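So you can see what is in the structure, the chains are spelled out below.
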Amino acid sequence: MVLHTSPYSSAFLRCLSSLSWGFIFPCYWLLDNLLSSCVATSLEKRRRSQDPCSFATLYVLVSTPLYLLLLLASLPFALLGFLLWATLQAARHPYLYTYRRPDKHQAEQGGVASLADWRPQGRSFCFGSSNVCLLPDSLARFNNLSETQRRAREVGKRIRNGASRPQIKIYIDSPTNTSISATSFSSLVTGFRRTSSLGQRPDNTPEAETEPVTDCPIHTAGSDCPIHTTGPNCPIHSKGDQGSSDCPVHVAGGEDTPECPLHTAGSQNSSDCPLHTTGAQNSPDCPMHASGVQISISAPEPDPPEAGTGNHQGEGDAESLTGGVPSNNTLSHRTSMFKKHTGRKRRHGDDGFDHEISAFFPANLDFLCLQEVFDHRAMSRLRQQLHHYFPYILSDVGRYAWKGCCSRFKFLNSGVMMASRYPILDAHYECYPNGRGEDALAAKGVLFVKVQVGTSHQEQRVVGYLTCTHLHAIEGDAAVRCEQLDLLLMWGAEFRKMTSRPSEEKGLEDQVAFDVVLGDLNFDNCSSEDKLEQQHAVFTQYKDPCRLGPGEDKPWALGTLLDTSGLYDEEVSSPESLQKVMENEEGRKEYLVFPTNKNHCPNQKGRKIPLKGNGRRIDYILYREEVQQDWKVDIEEFSFITQLAGLTDHLSVAMRLAVSTGEEEP
C-alpha cells in the first residue's frame, strides 16, 4: 500500500487547490473573526468586568461594520474558489503522510525508535490520546476556548516537551510513607537532574557545567552545603570535580549503595556523615535516608538516525498564550509516585499495573492519536511542533465535499491526527456514513495504521496496529454510535487481513505485537443513557483497563471531560494545579462533567448534581490481549494527563503496554 505524501497526485492539481483556497481564505477569515467578536469566553467577560476602561465594546462596534463590508466584497471571489475547491475534492487523497528526518538534537531527546532485532523479553510501547478542540476560532468559542492558532502551537510544544523529558519515578517501600505526595519530592529530584527547559538543552559551556544547583534537597542555598560545594572539602568528590563520572550523586548510575549516595557500601553507620549524626540515617528529616525511598531516573537512549531525505528545522521563540494560560515551556519535572512491592507493582486490588494522574505526557511516548484537529492552519502549526519529536505523522485525515461515503456535504475533515516514532507501513481511512445534525458537517471516521516496531531473528517484521477514531457526539444518538462501532470492528478486521499478506520476496508473515484502539468515543461507562454503548461487542474484543464491567469503572478511573465554565479558573490554570484538583474528590466534582440523572436538579453553583463515578470518561485506549500465538501483552501503566490545562476541554490519557514472546532468552 502506498502512503500519500501529498494531498493530490499531480503538481497541477495542488496548484489549483492552492489557488482555490487563496480565493476562499479572505472570506473565511473575515467571517471567522466576525463571529468570534460576537462570542466571548468566560475569561474575556471577566476581564471586561474587571477593567472599566476596556475598549472591547467599542472595538466590536467599530470592527463589525468593517468586517461586514469586507465580507461582502470578498464573497464573489470566495464563491468562485469554493466551486473550484469542491470539484477538486474528488481527486484528493484521504490523508497526508509526512516524514521528517530526525536531527541530532531530536535523536538526543529520544525521538528516534529502534528497529533492532526483536528479543524474547520484548519491549514496552506507550500510547497517548487527546481531544485538542482545534476548531475554527468562532466555533471553538462555544466550548469556551479561543486563539486556535496559538493553542495549536502550544499543544504541540507541551506534548513534545513532556514526551522527551527524562523518565523519573520514586518508589516507596515503607508503609508509613504512603501519605507522601509527589509534590513533596519534586525538589529532591531537582537536585539530581538537569533543571533547564526541556525545549532547550543546556549548552556544553563552562558556565553551564559549573552552574550551582539552586534547589538543594538538603537545605537552603549557602556556602556550607556538603554536596554542592566545590574544592578539597567536598565529601563526595576527592578533587572537587562535580562532573566526575564516579560521582554517585550528580550522575545517575553510581556504583555506591543507592540508599545513601553519600556513604560507600558498608559504611552507612559511619560517624563522618556530613548530613547528620550517627543513628539519624533513617530520620524523616533526612531527605537522603528517608525510609525505603529510591529514586529512579532514566532518559531516552538515542538510537542512530535512519537514512532519509526529509529535513526539519526548529521554529523561533515560543508564543506565550494570552488569557492567563501558562506556556509551560519550562517544565518542573514533577515526578510520578508509586509504592514498590515485591514482585509486580500494584496500586489497587488486583489491577497489576500502575495508574496515576500526571502533569506531563509519559516519557518516551511512542504513538499519539489526536482528535478535533479541524482547522487547517492549526493543523500545520501542530504538525510542525510534533515533528520535533515524532518523525512520522498522518494529518489532514478525511474527505471533503461529496467524495466517497459522504452523502452530505463535508465542510470539515475527520479531525483525526496520528503521530508515531516508528515507521508507518500502511494507512487506511474510512468515513462513517451515518452522521446526523451538526456532526454530519464533519467527515468523522476511523484511521487504521500499521507500524513496524522491530524485526525477528527469522527476519520477520514485527508490527503493530492502531485504530484512531472520533465517534458521533450528539447526546441520545446511542444507535448511531453503536453502528459506528460495528463498522469500526468490521473495517479493522478487513484492514488487518488486507495488510497481513506475506511479503512477495520472502513469503514471511508479519508478527503482530499489539492491536490498540484510541480516540474520543463520546460515551462513558457510568451514564444510564449510554447503556447500549457500554454493552457493545467492542469490549469483548478489546480490553478497557479502566473498566470493571458494563456501567462500572474501577475506583481510580477518572472522567476526561472538563466543565468548560471553569477552564480559566486559577485553580486549574496550569498542569500542576489541575493535577492537584483532579487528585481531590471535591475538585473533581467542581471541574469535571459528571453523569446526571434524568430528573436532575442544579446544585448551589448551577451545575448538575453528580450521579456516580469520577466524571464522564469519554476518551479511551483499548487493547487486544491476544494478538499473536504464545505472545504476551500486559499493561504496565495508565495515566490521566493534565499537561494541556487551559488549552482544551478534555484530559488526555496514556497507556504503556509490555509485549513479550513468552520465550526464554537464547
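For the structure, see preceding data.
Summary of the structure given here. (Residues numbered from 1 in each chain as written. Predicted model: local features only at pLDDT ≥ 70, side-chain atom pairs only at ≥ 80, totals over all residues. Heavy atoms only, no water.)

## Observations concerning the packing of helix H6 (residues 148-163) against helix H9 (residues 376-386)
Axes are the key here: two packed helices are described by the angle between their axes and the distance separating the axes.
Next up, step 1: Where H6 meets H9, the axes come as close as 8 Å, and the angle between the chain directions of the two elements is 20 degrees. When the axis of H6 is compared with that of H9, the two are roughly parallel. For the crossing formed where H6 meets H9, the hand is right-handed. Together, Thr 148, Gln 149, Ala 152, Arg 153, Val 155, Gly 156, Lys 157, Ile 159 and Arg 160 of H6 and Arg 377, Ala 378, Arg 381, Leu 382, Gln 385 and Leu 386 of H9 make up the contact between the two elements.
Next up, step 2: Its residues assigned to classes, the contact of H6 with H9 comprises six nonpolar, four polar and five charged. (Axes fitted to C-alpha atoms, helices over the stretch in contact; angles between N-to-C directions. Helix = DSSP H or I, 4+ residues; strand = E, 2+ residues; numbered from the N terminus. Parallel < 35°, antiparallel > 145°, perpendicular 65-115°, else oblique. Left-handed = near helix turned anticlockwise from the far one by under 90°. Contact = heavy atoms within 4.5 Å. Nonpolar A, V, L, I, M, F, W, Y, C, P; charged D, E, K, R; others polar.)

## Quick look at the sheet that holds strand S16 (residues 619-623)
Next up, step 1: The strand order across the open sheet formed by five strands is S10-S11-S12-S13-S16, and the pairing between neighbours is mixed. A strand with exactly one partner marks an edge of an open sheet, and here the two such strands are strand S10 (424-431) and S16. Between one strand axis and the next, the sheet turns through 15 degrees on average, direction left out of account.
Next up, step 2: Along the sheet, helix H10 (residues 478-499) makes contact with S10, strand S11 (445-455), strand S12 (461-470) and strand S13 (511-520), crossing S11 at roughly 35 degrees. (Pairing = 2+ DSSP bridges.)

## Quick look at the sheet that holds strand S18 (residues 652-660)
Next up, step 1: With respect to topology, eight strands assemble into an open sheet ordered S1-S8-S9-S7-S2-S18-S17-S6, the strand pairing being mixed. The sheet terminates laterally at strand S1 (96-99) and strand S6 (354-358), the two strands that pair on one side only. Direction aside, the axes of adjacent strands within the sheet are offset by 15 degrees on average.
Next up, step 2: Strand direction decides the pairing type here: strand S7 (residues 367-373) and strand S9 (residues 417-420), joined by four bridges, are antiparallel. By the bridge assignment, Cys 369 is partnered in S9 with Met 418.
Next up, step 3: Against the sheet, H9 engages S1, strand S2 (123-134), S7, strand S8 (392-395) and S9, with an angle of about 165 degrees to S7.

## A short note on the pattern of salt bridges
Next up, step 1: Enumeration over the complete set of coordinates arrives at 21 salt bridges.
Next up, step 2: Close ionic contact of Arg 436 with Asp 477 constitutes a salt bridge, the shortest N to O distance being 3.9 Å. On the criterion of sequence distance, the pair formed by Arg 436 in the loop between S10 and S11 and Asp 477 in the loop between S12 and H10 is long-range, its members being 41 residues apart.
Next up, step 3: On the basis of relative accessible area, Arg 436 is assigned to the partly exposed category, the value being 44%.
Next up, step 4: Residue classification places Asp 477 among the buried residues on the basis of a relative accessible area of 16%.
Next up, step 5: Close ionic contact of Arg 656 with Glu 637 constitutes a salt bridge, the shortest N to O distance being 3.0 Å. Of this pair, Arg 656 sits in strand S18 while Glu 637 sits in strand S17 (residues 632-641), and the two are 19 residues apart along the sequence.
Next up, step 6: The network of salt bridges with common partners includes Glu 44, Asp 137 and Arg 141. (Salt bridge = Lys/Arg side-chain N within 4 Å of Asp/Glu carboxyl O. Buried < 20%, exposed > 50% of the residue type's maximum accessible area, 1.4 Å probe, protein only.)

## Brief notes about the nonpolar core
Next up, step 1: Judged by nonpolar contacts, the single largest core of 68 residues is most densely connected at Phe 127, Phe 367, Val 453, Phe 514 and Phe 638.
Next up, step 2: When sequence neighbours within four positions are dropped, the list of residues in contact with Phe 638 reads Phe 353, Asp 354, His 355, Glu 356, Pro 545, Cys 546, Trp 556, Ile 621, Val 653, Ala 654 and Met 655.
Next up, step 3: Within the second largest apolar cluster, 25 residues are counted, among which are Ile 159, Val 373, Leu 386 and Ile 641. (Core = buried A, V, L, I, M, F, W, Y, C linked by side-chain atoms within 4.5 Å.)

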